Amino acid sequence: MNTLLNHLAPWPEYDFAEFGPVTIEPLGRIQQLTASFLGRNWVAIPHVTHHDEADVTDLEADRKRWNAANPGAKATLLAPVVKALAEALAAFPLFNSSLLADGKTIVRKSYTHIGVAVDTPQGLLVPVVRDCDMKSAAEIQAEIQAISTKARTKGLSMTEMAGGSMTVSSLGHIGGTGFTPIINAPEVAILGLTKLQPRPMPGADGGINWRLMLPLSLSYDHRVINGADAARFTQKVADGLAEFSYE
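No experiment lies behind these values; they were computed from the predicted model shown.

A. Here's a closer look at the side chain of Ser165. On the secondary structure map, Ser165 appears in the loop between helix 5 (137–153) and strand 8 (166–170). Residue Ser165 is classed as buried on the basis of its relative accessible area, which comes to 0%. Among the polar contacts made by the side chain of Ser165, one reaches the side chain of Asn96 at a distance of 2.9 Å. Apart from residues lying up to four places away in sequence, Ser165 is in contact with Leu89, Phe95, Asn96, Lys109, Tyr111, Thr112, His113 and Glu187.

Structural data, given as structure tokens:
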């Protein structure tokens, strides 16, 4: 890692006040930590991002029915994504691994812990939900809600953010059609979600059938994962979402 940094050009430095009025303030502590981790991960990991879409038309209709019938346990789309991600990790175990610092050794994990990126006033935090393959979507939903609230109010310990198999980062409540999420080392992949998009599809009667599609952006470590596996992985996630039911 140090060798990589030593080959970078020096950071440009200016007296910005020469160009106009400025305000100087330090980054928050969490922002500084996050920036250092993201910078390291981007420089050290050869990122490739594969983009795909999942048809969540039936899932969204099912979710809305569930919320109407269960107003005290409102469901979001994130919990089904975590469940589909857990199934994909079981089908493609290479994604549930870590490459050690020597660049020669793979650690394969027999657990399925999913990190969920949370935007807090202090900066980005990634709590980890444990054993997602053994929990229902309702249990995962409740745990995500509780840990996200804690992240935004009290903060999280390093233990609560360690040991993830893979991370999911959702911008769907804000917008976007795709992005390149930075891998949360020592994981080898991260799944990004953006805003649901209506898409016209050919109907059985020859007309247009509008479907609701969820954009998927999978960034992966190309030292460990190849493009074909990435495409199969996102298709598995999409299949899991298409088959998901709240019943």
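B. Up close: the UniProt feature "domain: 2-oxoacid dehydrogenase acyltransferase catalytic" (unreviewed entry) in the chain. Those places that UniProt annotates as "domain: 2-oxoacid dehydrogenase acyltransferase catalytic" (unreviewed entry) correspond, in this numbering, to residues 23–243. Spanning residues 23–243, this segment combines 35% helix with 25% strand, and its end C-alpha atoms are found 52 Å apart.

C. Structural detail: the nonpolar core. By size, the foremost hydrophobic cluster in this structure holds 43 residues, and its most contacted members are Val168, Leu191, Leu214, Phe233, Val237 and Leu241. Of all elements in the fold, only helix 4 (78–91), strand 4 (114–116), helix 5, strand 8, strand 9 (189–193), strand 11 (208–221) and helix 6 (227–243) reach the threshold of two or more residues within this core. Residues in contact with Leu214, not counting those within four places in the same chain, are Asp52, Glu53, Ala54, Val56, Leu77, Val81, Leu193, Thr194, Leu196 and Leu241. Counting residues in each nonpolar core, the second largest holds 6 residues, with Ile30, Ile147, Ala151 and Leu156 among its members.

D. Structural context of helix 3 (residues 57–69). The end-to-end C-alpha distance of helix 3, which contains 13 residues, comes to 19 Å, matching closely the 18 Å that a straight helix rising 1.5 Å per residue would cover. By the burial criterion, the buried members of helix 3 are Thr57, Leu59, Glu60, Asp62, Arg63 and Asn67.

E. Structural view of the pattern of salt bridges. Per the counting criterion, the structure on display carries 9 salt bridges. As a salt-bridge pair, Glu53 and Arg199 come within 2.7 Å of each other at their nearest N and O atoms. Of this pair, Glu53 sits in strand 1 (residues 47–55) while Arg199 sits in strand 10 (residues 197–202), placing them 146 residues apart in sequence. Between Arg232 and Asp229 there is a salt bridge, and its shortest N-O distance comes to 3.1 Å. Of this pair, Arg232 and Asp229 are both found in helix 6, 3 residues apart, which corresponds to roughly one turn of the helix.

F. Structural view of the packing of helix 4 against helix 6. Packing of helix 4 against helix 6 brings their axes to within 8 Å, and their N-to-C directions diverge by 135°. With respect to helix 6, the axis of helix 4 lies oblique. Between helix 4 and helix 6 lies a crossing whose hand is right-handed. Along the contact surface, helix 4 presents Pro80, Val81, Ala84, Leu85, Glu87, Ala88, Leu89 and Ala91, while helix 6 presents Phe233, Lys236, Val237, Gly240 and Leu241. In terms of residue class, the contact of helix 4 with helix 6 is made up of 10 nonpolar, 1 polar and 2 charged.

G. Broad picture of the pairing of strand 9. Counting buried positions over the 5 residues of strand 9 gives 5, a clear majority of the element. Of the two faces of strand 9, the one lined by Ala189, Leu191 and Leu193 and the one lined by Ile190 and Gly192 are each fully buried. Pairing between strand 8 and strand 9: 4 bridges, direction parallel. From the neighbouring strand, Thr167 faces strand 9, where its bridge partner is Ile190. Sheet analysis places strand 9 next to strand 11, joined by 5 bridges and oriented antiparallel. Bridging from a neighbouring strand, Leu193 pairs with Leu216 of strand 11.

H. Structural context of the packing of aromatic side chains. Counting across every chain of the model gives 7 aromatic pairs. Here the aromatic rings of Phe92 and Phe95 are separated by 6.5 Å at their centres, their planes lie at 80°, and the arrangement is edge-to-face. There is no split in this pair, since Phe92 and Phe95 are both buried. On the numbers, 4.1 Å between centres and 15° between planes, the contact of Phe95 with Phe233 is stacked. In this pair, Phe95 sits in the loop between helix 4 and strand 2 (97–99) while Phe233 sits in helix 6, placing the two residues 138 residues apart along the sequence. A single burial state applies to Phe95 and to Phe233, both of which are buried. By way of ring pairs, the aromatic residues Tyr14, Phe16 and Phe19 are connected into one cluster.

Rules used throughout
Residues numbered from 1 in each chain as written. Predicted model: local features only at pLDDT ≥ 70, side-chain atom pairs only at ≥ 80, totals over all residues. Heavy atoms only, no water. Helix = DSSP H or I, 4+ residues; strand = E, 2+ residues; numbered from the N terminus. Buried < 20%, exposed > 50% of the residue type's maximum accessible area, 1.4 Å probe, protein only. Polar contact = N/O pair within 3.5 Å; in protein donor to acceptor, adjacent residues only side chain to side chain. Contact = heavy atoms within 4.5 Å. UniProt positions renumbered as here; feature names shortened; annotations may be inferred. Core = buried A, V, L, I, M, F, W, Y, C linked by side-chain atoms within 4.5 Å. Expected span 1.5 Å × (residues − 1). Salt bridge = Lys/Arg side-chain N within 4 Å of Asp/Glu carboxyl O. Axes fitted to C-alpha atoms, helices over the stretch in contact; angles between N-to-C directions. Parallel < 35°, antiparallel > 145°, perpendicular 65-115°, else oblique. Left-handed = near helix turned anticlockwise from the far one by under 90°. Nonpolar A, V, L, I, M, F, W, Y, C, P; charged D, E, K, R; others polar. Pairing = 2+ DSSP bridges. Phe/Tyr/Trp six-rings, centres within 6.5 Å; stacked < 30°, edge-to-face > 60°.

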